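# Breakdown of the fold
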There are 2 protein chains.
Amino acid sequence: MRDVRAAGKETVPAKRLPTLEDVAARAGVSRATASRVVNADPRVGRSARESVQAAIRQLGYRPNRAARSLVRPDADSIAVVVPEAEERVFSDPFFSAILGAIYTKLADSPVQVLLAVAPPGKRDKIDRYLRGGYTDGAIVVSHHRDDGISDVLREIQLPAVYIGRPHAGDVGLPYVDVDNETGGMLAAQRLIDGGRRRIGTVAGPQDMASGFDRLTGWRRAMAQAGLADDLVEYGDFTAASGGEGMLRLLEREPNLDGVFAASDLMAVSVIQELQGSGITVPEDVAVVGFDDSQMAKLTRPPLTTVLSTTTGMAGAAVEMLLTLLGGGQVEHVILPTELVPRDSA
Amino acid sequence: MRDVRAAGKETVPAKRLPTLEDVAARAGVSRATASRVVNADPRVGRSARESVQAAIRQLGYRPNRAARSLVRPDADSIAVVVPEAEERVFSDPFFSAILGAIYTKLADSPVQVLLAVAPPGKRDKIDRYLRGGYTDGAIVVSHHRDDGISDVLREIQLPAVYIGRPHAGDVGLPYVDVDNETGGMLAAQRLIDGGRRRIGTVAGPQDMASGFDRLTGWRRAMAQAGLADDLVEYGDFTAASGGEGMLRLLEREPNLDGVFAASDLMAVSVIQELQGSGITVPEDVAVVGFDDSQMAKLTRPPLTTVLSTTTGMAGAAVEMLLTLLGGGQVEHVILPTELVPRDSA
DNA sequence: CTGTTAGCGCCTTCAC
DNA sequence: GTGAAGGCGCTAACAG
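Report on the accompanying structure. (Residues numbered from 1 in each chain as written. Chains lettered and ligands numbered in written order. Predicted model: local features only at pLDDT ≥ 70, side-chain atom pairs only at ≥ 80, totals over all residues. Heavy atoms only, no water.)

### Some remarks on the environment of Ile149 of chain A
All names here are of chain A. Locating Ile149 in the fold gives a position in helix H8 (residues 149-155). The buried category is assigned to Ile149, whose relative accessible area is 1%. Between the C-alpha atoms of Ile149 and Arg123, which are 26 residues apart in sequence, the distance is 8.1 Å. Other than its neighbours up to four places away in sequence, Ile149 contacts Val81, Pro83, Arg123, Ile126, Val140 and His143. (Helix = DSSP H or I, 4+ residues; strand = E, 2+ residues; numbered from the N terminus. Buried < 20%, exposed > 50% of the residue type's maximum accessible area, 1.4 Å probe, protein only. Contact = heavy atoms within 4.5 Å.)

### Some remarks on the sheet that holds strand S11 (residues 333-335) of chain B
All names here are of chain B. The six strands lie next to each other as S2-S1-S3-S4-S5-S11, forming an open sheet whose pairing is parallel. Each having just a single partner strand, strand S2 (112-117) and S11 make up the two edges of the open sheet. Ignoring strand direction, the axes of neighbouring strands in this sheet form an average angle of 20°. As defined by bridge partners, strand S1 (residues 77-82) adjoins strand S3 (residues 137-140) across four bridges and the pair is classed as parallel. By the bridge assignment for S3, Ile78 is matched with Gly137. (Pairing = 2+ DSSP bridges. Axes fitted to C-alpha atoms, helices over the stretch in contact; angles between N-to-C directions.)

### Considering the pairing of S2 of chain B
Note on strand geometry: in a regular strand, side chains alternate between the two faces of the sheet. Residue and element names in this part refer to chain B. The buried count for S2 comes to six of six residues, which makes it a mostly enclosed element. Residue alternation in S2 divides its side chains into two sets, Gln112, Leu114 and Ala116 and Val113, Leu115 and Val117, and both sets are buried. Two strands pair when backbone bridges link them, and S1 and S2 are joined in this way by six bridges, in the parallel orientation. By the bridge assignment, Ile78 is partnered in S2 with Val113.

### Some remarks on the interface of chain B and chain A
With 64 residues of chain B in contact, the opposing surface of chain A contributes 64 residues. Roughly 6,200 Å² is buried in total at the junction of chain B and chain A, and carbon and sulfur atoms are behind 56% of that figure. At the junction of chain B and chain A, the tally comes to zero salt bridges. Counting across the chain B and chain A interface gives two residue pairs in polar contact (both at pLDDT 80 or more). Elements with a minimum of two residues in the side of chain B that touches chain A: helix H4 (65-71), helix H5 (86-91), helix H6 (93-105), S2, helix H7 (124-130), helix H12 (264-276) and helix H13 (310-325) of chain B. (Buried area = accessible area lost by both parts, 1.4 Å probe. Salt bridge = Lys/Arg side-chain N within 4 Å of Asp/Glu carboxyl O. Polar contact = N/O pair within 3.5 Å; in protein donor to acceptor, adjacent residues only side chain to side chain.)

Set out below in structure tokens:
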């Protein structure tokens, strides 16, 4: 398409970008030598090197990555795969934090990041992304049990690391995660220690390990305290689903006095739903979230939540992938979790 | 790197992905014919087409984009360029909204999106991104006067559209923007209509048209109302800078009764700063923000702000770029702005 | 309709 | 140290 921008009927060819050939010609050497200079190959004579460098500067030459990746096994580029709807990925602070950390971590490296967002259902696009040979490896961020991502990755043998433990069935895959189960326990314990007895939870999706494990942790703490763990409703980590879950909880048990929402986003609308019903937080009902995202400080009252270090996960994932790409082996990494007490519980 | 993952010392070559050649062989046709099928070229016999399609399915073939882009003028891929620090891009809801809208808009098209985040100062990486021939066009999101992006774009003749009017000097570039000046007026007017008389503003960066224009609008409304427009402090649209600006404003004029913050993010911390100083919003000081981002509803009191339709801008930008890529001409687009009254002013 | 023939820009043996 | 030559996977004329 680049050559269609014409004034009238004629087609004006786009100014051709300088190629290695041009550089070589200008420097009076062969393509091979020019290539060596570009790739910092030591065995090039001083004068040859200098004239090539000069030519590069004058022409404003940049290697064409497409051509390079065609002939090199590695493409210096990784894909960040997020099997969630676009709107979601860019509005949920959890993803923002993860993405930001990944980009930041890679800021000083020449590695390019390709962000592949895959609305559930149409994996086609991601498939093409991954195949196509554009990328050396992948970081998968929000893995669901049946999204098929791991199958593709396995099939094309693309090194990958998962942020968030893949569900059973995908064992042996390298991943980094926070200790979600302990996190769930911490949340429940906070509520219990605060004297709450009728405690419910708006859990996360059960086809994701994070959702599943947080609920498990909550259950365990409840059991240890001898409390009933029947008050469970499910959301999908989004704000909307949090409010709806709270509503159902309220219908089933108007007298509940504590709620654990498995994500801050859900916690925010849990609080709004509560307050909208004339219920006071934390006096009537205490609320604990999960993630310690930015918004936790903004709610009224400020949200008591569980810190899951997104930056830590992203950083670890990047390092693991780089290790993998370098031919190394990696194990999974589990980061600790921590209660961040504020005023909502 | 893909072939280094070996068990011991030996190098196990990564399973080679199927190529067009393989497909052709399996289907018993020539590469050219296979290629035609892949590209939906009508002039292929029915039986040939079918056997090629079968081969594609059996082999799990996907075209290699790198190879394709090497030989085709267009790469079916656009770059979204954001000359801001990584942390910033992924934490500021304005960017999130824009990016989400762009990805969403392109969800059903085969166009790939390359997100190029360029920390100010090191444009190198972006340069390489843009050159390299990977992309057909670019959408530039947060253009500063001297970031040099437009120069590179012009030099390599890459079709581009700007979200946010480029500063003077870069005239003639296609862009989409909201009517920032009117927005600034709307904000000031709201304060004035509310009976405020000593009104300040935490303005945006003046090397960005959005920052500049919002301030201009505010000034104009103030002048029309016969009020002084000297109470101006500058931020860079981030939360931190908003609080600091408010602090300086308060030092200069402890008795001010209204503030216009040029972004919601700044407005949020303006409110926090105010409340932290024992000042009540909106009773003592009324606050108006800009953007109508998600968080505007979350503050206490909810933030009165100016709606700038990020989705609208992103959508228009994508369409303009696509038009450009198709060889068409485009003009700039200015979207209207609107006051969203809530409780903070 | 289909096959043959050239490259796209780059890197990498292999000779010199 | 340097050049010549071949090929990565694909598409685009050009012939039939």
